[in-house]
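Next come the chains, spelled out residue by residue.
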Amino acid sequence: NIILQRMSKTRSGIRMQFEKLLDESADASNLLLQGAVCGPAEQAQLLREVLGLANAAGRGPRHILFGVSHDNNRLKYSKLSESDLKVLETYPDLIARFIEPPLSVEAIIGTAHGHLIAALSINYSEDPPYIIKMDASRDLRRGDCWVREGGVCRPSQRADFDRMYRNTAEGRPATCKR
């Protein structure tokens, strides 16, 4: 497993990063906690969430953490299987196939607070709007664009496009806050 081999070289750094993200998760607009890895049936939902995070206002990397969720304002950990980790490894190719322009994503496996968790990290998203380039499902069609705001993923609106294009034209990263 290539990711696990790479992880063994940087395990403490990844663990610290995951733990910091989880400690700040209540206020993070750049983080989505997902209890389970998304299978083929949830593919469209995963793509929607990736679009939402990539098109959200703000700077810096964004993450979807698998194997952990919120339950009554407490972190709840789920067990990830080897098959879950294999599915996670397919996500960068899935995203490359359905989202344009190209988006830098990485699947990472590590631990936090003694639990195995996995992440889909969006390393940068400096060229929005990111859109679906071909139909992914009957509910996620070519040209669809989503944005994440206040913990909710929603269809993009005119103001979102205005913000993205205005920030790009002004030479700032398009994901800067208004």
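Bear in mind the structure is a predicted one, so any value in this text is a computation, not a measurement.

J.: Could you give me a rundown of the environment of P101, with the residues and numbers involved?
T.: Residue placement: P101 occurs in the loop between β5 (99-100) and β6 (104-112). As for P101 and Y130, which are separated by 29 residues in sequence, their C-alpha atoms are 6.0 Å apart. Beyond its immediate sequence surroundings of up to four residues, P101 is in contact with D127, P129 and Y130.

J.: I'd love a proper account of the pairing of strand β7 (residues 115-124), names of residues and values included.
T.: The side chains of a regular strand alternate between both faces of the sheet. The pairing of strand β2 (residues 62-66) with β7 spans five bridges and is antiparallel. By the bridge assignment for β7, F66 is matched with A118. Across nine bridges, β6 lies against β7 in antiparallel orientation. Bridge pairing links A107 to L120 in β7. Linkage of β6 to β7, two consecutive antiparallel strands, is achieved through a turn of two residues, within which H113 is found at a positive phi near 50°.

J.: Which residues make up empty space enclosed by the protein, and what values do they have?
T.: Scanning all chains against the criterion turns up one cavity of 30 Å³ or more. Each pocket or cavity is described by its volume, and for the largest cavity that value is around 30 Å³. Counting residues per element, the ones that place at least two in the lining of the largest cavity are β1 (31-34), α2 (43-55) and β2. Sorting elements by how many residues they give to the lining of the largest cavity places α2 first, with three residues. Tallied by class, residues from the lining of the largest cavity come to five nonpolar, two polar and one charged.

J.: Before we move on, can you summarise the nonpolar core with the specific residues and values?
T.: One finds L46, L47, V50, F66 and L120 to be the most contacted residues of the largest nonpolar core, which totals 33 residues. Mapped by element, the contributors of at least two residues to this core are α2, β2, α3 (82-98), β6 and β7. Element by element, the count of residues in this core is highest for α2, at seven residues. Apart from residues no more than four positions distant in its own chain, L46 is found in contact with C38, I64, F66, Y91, L94 and L120. Counting residues in hydrophobic clusters, the runner-up holds 11 residues, among them L21, L22, L31 and I108.

J.: Explain the packing of aromatic side chains to me, and be specific about the residues and the numbers.
T.: Taken as a whole and assessed by the stated rule, the structure comprises one aromatic pair. Between the aromatic rings of F66 and Y91, the centroid separation amounts to 5.7 Å while the plane-to-plane angle is 55°, which identifies the pairing as tilted. Pair noted here: F66 is in strand β2 and Y91 is in helix α3, with a separation of 25 residues, a long-range link. Given the relative accessible area of 3%, Y91 is considered buried. One cation-aromatic arrangement involves R48 over W146; the distance from NZ or CZ to the ring centre is 4.9 Å.

What counts and what doesn't
Residues numbered from 1 in each chain as written. Predicted model: local features only at pLDDT ≥ 70, side-chain atom pairs only at ≥ 80, totals over all residues. Heavy atoms only, no water. Helix = DSSP H or I, 4+ residues; strand = E, 2+ residues; numbered from the N terminus. Contact = heavy atoms within 4.5 Å. Pairing = 2+ DSSP bridges. 1 Å grid on protein atoms, 1.4 Å probe; cavity = no way out; pocket = protein on both sides within 12 Å on 5 of 7 lines; lining within 4 Å. Points joined across faces, edges and corners; volume = space filled by probe spheres on them. Nonpolar A, V, L, I, M, F, W, Y, C, P; charged D, E, K, R; others polar. Core = buried A, V, L, I, M, F, W, Y, C linked by side-chain atoms within 4.5 Å. Buried < 20%, exposed > 50% of the residue type's maximum accessible area, 1.4 Å probe, protein only. Phe/Tyr/Trp six-rings, centres within 6.5 Å; stacked < 30°, edge-to-face > 60°. Lys NZ or Arg CZ within 6 Å of the ring centre and 35° of its normal.

Coordinates in, geometry out; function isn't part of it.
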